[in-house]
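Listed here are the chains, written in short residue letters.
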Amino acid sequence: MKAYVLRETNGPESLKLEDFDLGTIKPNEVCIKVKAASLNRRDFFITHGMYPGMSLPSILGSDGAGEIVEVGEEVNELSVGDEVIINPSLNWGERDDICSEQFNVLGMPQNGTFAEFIIVHKENVKKKPSYLSWSEAAAIPLAALTAYRALFTRGGLTETDTVLIPGIGSGVALYALQIASSLGAKVIITSSSDEKIEKAKKLGAVAGFNYKDQDWFKKLRKEIGMVNLTIDGVGGESFNRLIDVTAQGGRIVSYGATNGVVPNTVLPKIFFKNMDIRGTTMGSPREFEQMLAFFEKHNIKPVIDSVYSFSDLQKALIHMGEGHQFGKIAIEFSL
């Protein structure tokens, strides 16, 4: 088969399309012909060697959807011809509250979806929601699972909450907006782009603030009030402003830190507000199933920024690295 293999870390151009031996499936695995994949920021970071536990060579790609072409002898719930979506959260473990020490993510070290075919464990394969196209289905797994767990399992989201989502435009942030607004919560967003703010309002945000304005958090408190729940993947210097807008007993759930470390956190603000700061990553197999059911119930479709062909994967990753996208970047194979 053809696959993009990463053997060195000099950026997206390091990915090379090669002939690759897929190997044979084990009794509890299935082989999937990949119809579509999508990008996550981890893919871009890995091409630059900026990811823990680097192990090369490797085929990147955490997200994908496709058609089963072979099943192992112990697989009964799936059949050849089934249209499926892949859960990239591997070896999570039996508990939903924490992951096991063996937890890792599809697409390095285990070969991922930037390939014509992929072999995965049967537990990481679910039927594709029929209302989604291949590209839409492939855009869901990692980011939507992360958003769902951050909101519900870690964030305790209810329909009465006022939710803040900083840095709108990424896959996780947009899914958090769609999920929270579908439940009926009041969602506020921030961005450095007025255009992205207006797009987010069309997706359900009731208000947006440009964080280039140093007083954005003061305007939020004046116009909206305090926030019960924040879902943050930004970190950096602006994290303390999130504490400033958090209500008594509020929660901040952190799933990333694209802007780096948080300097000089003011602890008294945290304990005087009786607030929680919680970490989260990906999610369990049960949460993946719950997320898919929630999406089908509310007919949620991914926001797609752009679609590239498999042959233009490097260009897609370069586009991601520029940081201007609004939504997921999908990769379509020859359908």
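Residues numbered from 1 in each chain as written. Predicted model: local features only at pLDDT ≥ 70, side-chain atom pairs only at ≥ 80, totals over all residues. Heavy atoms only, no water.

Identification of the protein chain as Alcohol dehydrogenase from Gottfriedia solisilvae is taken from an unreviewed UniProt entry.

Trainee: Outline the sheet that holds strand S16 (residues 276–279), supporting the account with residue identities and numerical values.
Mentor: The strand order across the open sheet formed by six strands is S13-S12-S11-S14-S15-S16, and the pairing between neighbours is parallel. The sheet is open, and its two edges are formed by strand S13 (207–210) and S16, each paired on a single side. Taken pair by pair, the neighbouring strands of this sheet meet at an average axis angle of 20°, ignoring direction. For strand S12 (residues 186–191) and S13, the ladder comprises four bridges, and the chain directions are parallel. Counterpart to serine 191 in the pairing with S13 is asparagine 210. (Pairing = 2+ DSSP bridges. Helix = DSSP H or I, 4+ residues; strand = E, 2+ residues; numbered from the N terminus. Axes fitted to C-alpha atoms, helices over the stretch in contact; angles between N-to-C directions.)

Trainee: So what's going on with the nonpolar core? Residues and values would help.
Mentor: Core analysis: the largest hydrophobic core is formed by 50 residues, its most contacted members being Ile140, Leu151, Val163, Ile165, Ile168, Met291 and Phe295. Put simply, the parts of the chain that give this core at least two residues each are helix H2 (134–138), helix H3 (141–154), strand S11 (162–165), helix H4 (171–183), S12, helix H5 (194–202), strand S14 (227–232) and helix H9 (285–298). (Core = buried A, V, L, I, M, F, W, Y, C linked by side-chain atoms within 4.5 Å. Buried < 20%, exposed > 50% of the residue type's maximum accessible area, 1.4 Å probe, protein only.)

Trainee: Explain helix H10 (residues 313–322) residue by residue, including any values.
Mentor: Within the span of H10, buried status applies to Leu313, Ala316, Leu317, His319 and Met320. Along the axis of H10, the buried positions cluster into a sector of 155°, meaning they face one direction only. Next to the buried residues of H10 lie strand S1 (2–6), strand S2 (15–19), helix H1 (41–47), strand S17 (304–309) and strand S18 (328–332). Among the residues trailing H10, glycine 323 stands out with phi positive, at a value near 75°. (Arc of directions from axis to C-beta. Contact = heavy atoms within 4.5 Å.)

Trainee: Report on the pattern of salt bridges, specifying residues and quantitative values.
Mentor: With the rule as written, the count across this model stands at 17 salt bridges. For the salt bridge of lysine 2 with aspartate 19, the shortest nitrogen-to-oxygen distance reads 3.0 Å. One end of the pair, lysine 2, is in strand S1; the other, aspartate 19, is in strand S2, with 17 residues separating them in the sequence. Taking relative accessible area as the criterion, lysine 2 reaches 34% and is therefore assigned partly exposed. Using a relative accessible area of 59% as the deciding quantity, one classes aspartate 19 as exposed. (Salt bridge = Lys/Arg side-chain N within 4 Å of Asp/Glu carboxyl O.)

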